[in-house]
Amino acid sequence: MSFGIEVEGSVAVVVVREELVVENRSDFKDRVLERLDEGRRKFLVDFTAARYIDSAGLGELVSVARTVREKGGELRICGLGEDLRTLFELTRLDSLFEIADDRGSALDDF
Amino acid sequence: MLCDLTVPASLDRLRPALDEAVTACSEGRARDEQFRWTLRTVLREALANAIVHGAGADPARSVRVVAASRPEGVRVTVEDPGEGYEPEEAVHPGSAGGRERSRGRGLLLVRALADEVEIGPRGRSISFVVRGR
């Protein structure tokens with residue numbers, strides 16, 4: 001599985017195990033929307049173990065975050081390495097998402 | 001010539017083609033991680049765009065990847081058999097109000113990361129250069 005879901009209190013942590021790319025973005029969307037349908041409203045996407053995200057993956061993040069927000073929830077991000085952070089900055093998505101350095105600090109603040 | 005690949009337009013062929021092209025283009029640059037990362041990032045965008053939007057993810061159609069070593073760096077061209085589009089029509093997702101668009105970031109990344117970018121007539125091909133250290 002490309003993604004794991006770990007529940008931490010009221011937050012569903014979506015763990016990106018390797019990459020979020022055009023080939024697996026639908027799986028990512030399905031995993032989040034399943035939890036949204038179950039009533040979860042707080043989502044944290046953890047990229048600590050991920051090494052890559054492409055433009056389709058970035059677009060899916062934007063789309064899913066919008067859906068979560070429309071349901072009264074919020075999607076945040078943590079664990080971006082240097083390369084992934086560069087991609088967020090180049091596409092200016094670093095200012096669209098709340099991004100924490102690591103899972104611990106993200107959960108403390110969520 | 002570093003590589004000349006004809007790739008069936010199927011998403012499950014994207015990664016093998018990417019691996020093969022990046023390996024071929026990295027000959028003599030194995031330790032240049034920045035070069036490999038930049039090449040992989042830009043080529044993934046160009047190839048995914050050609051497969052999905054250019055060839056409609058139809059495995060009966062194919063896209064072509066040609067790479068050659070040039071004095072200015074590695075030059076890669078990706079061609080697709082699609083109907084084409086006017087590149088000027090693409091909306092910049094980093095523009096005002098554009099950040100929340102779910103599409104259009106591929107070309108933005110290509111332009112930001114590659115050292116030279118040239119888009120062919122009606123967007124049916126894209127050529128870019130990635131310099132090493």
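See above for the structure.
The notes below deal with the structure included here. (Residues numbered from 1 in each chain as written. Chains lettered and ligands numbered in written order. Predicted model: local features only at pLDDT ≥ 70, side-chain atom pairs only at ≥ 80, totals over all residues. Heavy atoms only, no water.)

## Side note on the overall build of chain B
Reasoning step 1: A tally of helices and strands in chain B yields three helices and five strands.
Reasoning step 2: Listing each helix as α and each strand as β along chain B from the N terminus yields β-α-α-β-β-α-β-β.
Reasoning step 3: Relative to its 133 residues, chain B shows a buried fraction of 45%.
Reasoning step 4: Taking the intrachain contacts of chain B between residues at least 6 apart in sequence as the baseline, contacts between residues at least 24 apart amount to 58%.
Reasoning step 5: Carbon together with sulfur atoms contributes 46% to the accessible area of chain B, which is approximately 6,700 Å² in total. (Helix = DSSP H or I, 4+ residues; strand = E, 2+ residues; numbered from the N terminus. Buried < 20%, exposed > 50% of the residue type's maximum accessible area, 1.4 Å probe, protein only. Contact = heavy atoms within 4.5 Å. Areas by Shrake-Rupley, 256 points an atom, 1.4 Å probe, with all protein chains shown as cover.)

## Structural notes on the overall build of chain A
Reasoning step 1: Regarding its fold elements, chain A presents four helices and seven strands.
Reasoning step 2: Against the 2.2 N^0.38 benchmark of 13 Å for 110 residues, chain A shows a C-alpha radius of gyration of 12 Å, consistent with a compact globule.
Reasoning step 3: The principal-axis extent of the C-alpha atoms belonging to chain A is close to 35 × 30 × 25 Å.
Reasoning step 4: The 110 residues of chain A split such that 52% are buried.
Reasoning step 5: Sequence separation of 24 or more characterises 68% of the internal contacts of chain A that already satisfy a separation of 6 or more.
Reasoning step 6: Summed over all atoms, the accessible surface of chain A reaches about 4,900 Å², with 38% contributed by carbon and sulfur.
Reasoning step 7: Placing the 16 positive and 24 negative side-chain charges of chain A at their respective mean positions leaves the two points 6 Å apart. (Rg over C-alpha atoms; globule rule 2.2 N^0.38 Å. Lys, Arg positive; Asp, Glu negative; His and termini not counted. Charge placed at Lys NZ, Arg CZ, Asp CG, Glu CD.)

## Comments concerning the pairing of strand 4 (residues 42–46) of chain A
All names here are of chain A.
Reasoning step 1: The element strand 4 is largely enclosed, with a buried count of four among its five residues.
Reasoning step 2: In terms of strand pairing, strand 2 (residues 11–16) meets strand 4 through five bridges, oriented parallel. Among the inter-strand pairings, Val 14 is bridged to a residue of strand 4, identified as Val 45.
Reasoning step 3: Bridging between strand 4 and strand 6 (residues 74–78) involves five bridges; their strand directions are parallel. Among the inter-strand pairings, Asp 46 is bridged to a residue of strand 6, identified as Cys 78. (Pairing = 2+ DSSP bridges.)

## A few points about the pairing of strand 1 (residues 3–8) of chain A
All names here are of chain A.
Reasoning step 1: With six bridges joining them, strand 1 and strand 2 adopt antiparallel strand pairing. When the bridges of strand 2 are listed, Phe 3 appears paired with Val 16.
Reasoning step 2: Following strand 1, the chain reverses through two residues before pairing antiparallel with strand 2; Gly 9 in that reversal takes a positive phi of roughly 65°.

## Some details on unusual backbone geometry
Residue and element names in this part refer to chain B.
Reasoning step 1: Positive phi values are uncommon outside glycine, yet Ala 57 reaches one of about 50°.
Reasoning step 2: Following the sequence through the fold, Ala 57 ends up in the loop between helix 2 (33–54) and strand 2 (62–70).
Reasoning step 3: Within the chain, Arg 122 stands out as a residue other than glycine whose phi angle is a positive 55°.
Reasoning step 4: Tracing the backbone shows Arg 122 in the loop between strand 4 (116–119) and strand 5 (125–130).
Reasoning step 5: Residue Arg 122 is classed as partly exposed on the basis of its relative accessible area of 35%.

## Points about the pattern of salt bridges
Reasoning step 1: Under the criterion given, the structure shown has 18 salt bridges over all chains.
Reasoning step 2: As a salt-bridge pair, Glu 19 of chain A and Arg 15 of chain B come within 2.1 Å of each other at their nearest N and O atoms. In this pair, Glu 19 of chain A sits in strand 3 (residues 19–20) while Arg 15 of chain B sits in helix 1 (residues 14–25), so the two residues belong to two different chains.
Reasoning step 3: Judged by relative accessible area, Glu 19 of chain A falls into the buried class, the value being 4%.
Reasoning step 4: For Arg 15 of chain B, a relative accessible area of 29% puts it in the partly exposed group.
Reasoning step 5: Here Arg 85 of chain A and Asp 101 of chain A are joined by a salt bridge, their closest N and O atoms 3.9 Å apart. On the criterion of sequence distance, the pair formed by Arg 85 of chain A in helix 3 (residues 82–90) and Asp 101 of chain A in the loop between strand 7 (99–100) and helix 4 (103–109) is long-range, its members being 16 residues apart.
Reasoning step 6: Because the salt bridges share partners, they merge into one network encompassing Glu 72, Arg 75, Asp 115, Glu 116 and Arg 131 of chain B. (Salt bridge = Lys/Arg side-chain N within 4 Å of Asp/Glu carboxyl O.)

## Details of the environment of Lys 42 of chain A
Residue and element names in this part refer to chain A.
Reasoning step 1: Looking at the element boundaries, Lys 42 is found in strand 4.
Reasoning step 2: Residue Lys 42 is classed as partly exposed on the basis of its relative accessible area of 31%.
Reasoning step 3: For the pair Lys 42 and Leu 75, spaced 33 residues apart in sequence, the C-alpha to C-alpha distance is 6.2 Å.
Reasoning step 4: Sequence-distant contacts of Lys 42, that is, excluding residues within four places in its chain, are made with Ser 10, Val 11, Ala 12, Glu 74 and Phe 110.

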